Amino acid sequence: MVAHYDDGWCCTGWLDWEFAIAGDADFDLTRAARSRLVELGEMPMAFYDGYGRTPHPTREALYELVYFLHMAKDSQYHVDRATYRYAWTYINCLPSRLEELEALLEL
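Here the structure is a predicted model, which is why all the values come from computation and not from measurement.

Attention now moves to the pairing of strand E2 (residues 8-11). Pairing of strand E1 (residues 2-5) with E2, which is carried by 4 bridges, proceeds in the antiparallel orientation. Opposite Tyr5, over in E2, you have Gly8 as the bridge partner.

By size, the foremost hydrophobic cluster in this structure holds 11 residues: Ala61, Leu65, Tyr67, Phe68, Met71, Ala72, Tyr84, Ala87, Tyr90, Ile91 and Leu101. Looking at this core, the elements that each hand over two or more residues are helix H3 (57-74) and helix H4 (82-92). With 6 residues, H3 is the largest single contributor of residues to this core. Setting aside residues no more than four positions away along its own chain, Tyr84 makes contact with Met71, Asp74, Ser75, His78 and Val79.

A few words on the packing of aromatic side chains. A full pass over the atoms with the stated rule returns 4 aromatic pairs. Ring centres of Phe27 and Tyr63 lie 5.4 Å apart, and the angle between their planes is 90 degrees; this geometry places the pair in the edge-to-face category. On the criterion of sequence distance, the pair formed by Phe27 in helix H1 (residues 25-34) and Tyr63 in helix H3 is long-range, its members being 36 residues apart. Looking at Phe27, the relative accessible area reads 23%, which means it is partly exposed. Pairing Tyr67 with Phe68 gives two aromatic rings, centres 5.8 Å apart and planes at 45 degrees, and the pair type is tilted.

For the rest of this paragraph, the subject is the environment of Pro55. As for its position among the elements, Pro55 is in the loop between helix H2 (45-51) and H3. In this structure, the C-alpha to C-alpha distance between Pro55 and His70, residues 15 residues apart in sequence, is 20 Å. In this structure, Pro55 is in contact with Asp26, Leu29, Thr30, Tyr48 and Glu60, ignoring residues within four places of it in sequence.

A contiguous nonpolar patch, built from Leu62, Leu104, Leu105 and Leu107 and spanning about 370 Å² of accessible area, is present on the exposed surface. On the secondary structure map, Leu105 appears in helix H5 (residues 94-105).

Turning to the pattern of salt bridges, a few remarks are in order. Going through the model one piece at a time under the given rule, you end up with 9 salt bridges. A salt bridge links Arg59 to Asp24; the nearest nitrogen and oxygen atoms lie 3.3 Å apart. A residue pair is termed long-range when its members are at least 10 positions apart, and Arg59 in helix H3 and Asp24 in the loop between E2 and H1 qualify at 35 residues. Look at Arg59 and you get partly exposed, because its relative accessible area is 33%. Residues joined in a network through salt bridges with shared partners are Asp24, Asp26, Arg53 and Arg59.

Thresholds applied
Residues numbered from 1 in each chain as written. Predicted model: local features only at pLDDT ≥ 70, side-chain atom pairs only at ≥ 80, totals over all residues. Heavy atoms only, no water. Pairing = 2+ DSSP bridges. Helix = DSSP H or I, 4+ residues; strand = E, 2+ residues; numbered from the N terminus. Core = buried A, V, L, I, M, F, W, Y, C linked by side-chain atoms within 4.5 Å. Buried < 20%, exposed > 50% of the residue type's maximum accessible area, 1.4 Å probe, protein only. Contact = heavy atoms within 4.5 Å. Phe/Tyr/Trp six-rings, centres within 6.5 Å; stacked < 30°, edge-to-face > 60°. Patch = residues over 30% accessible without salt bridge, like charges linked within 9 Å, V, L, I, M, F, W, Y side chains within 5 Å. Areas by Shrake-Rupley, 256 points an atom, 1.4 Å probe, with all protein chains shown as cover. Salt bridge = Lys/Arg side-chain N within 4 Å of Asp/Glu carboxyl O.

Right, here's the structure in full:
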């Protein structure tokens, strides 16, 4: 983004569209809440308040599975970061996570 001031043009912001795709907003919310370079703790409720809602619980659980499987695969190619540790913690409990998903999906 640029703005014009009396002394000329100035960059006022940068939009990073690297991961922008047309898709379910719940995936973006789930990924945003779990993607961390360093330990930051839980996503503050103010984030969801600003967005206007939290993700649907069933879609969030499914997207969490997809995201952490992808991050576990990526972890073998990149330097350590918190997201990779979260992914492996998730995968190490995969049987119970799948049971939770089955319950959510009423299978």
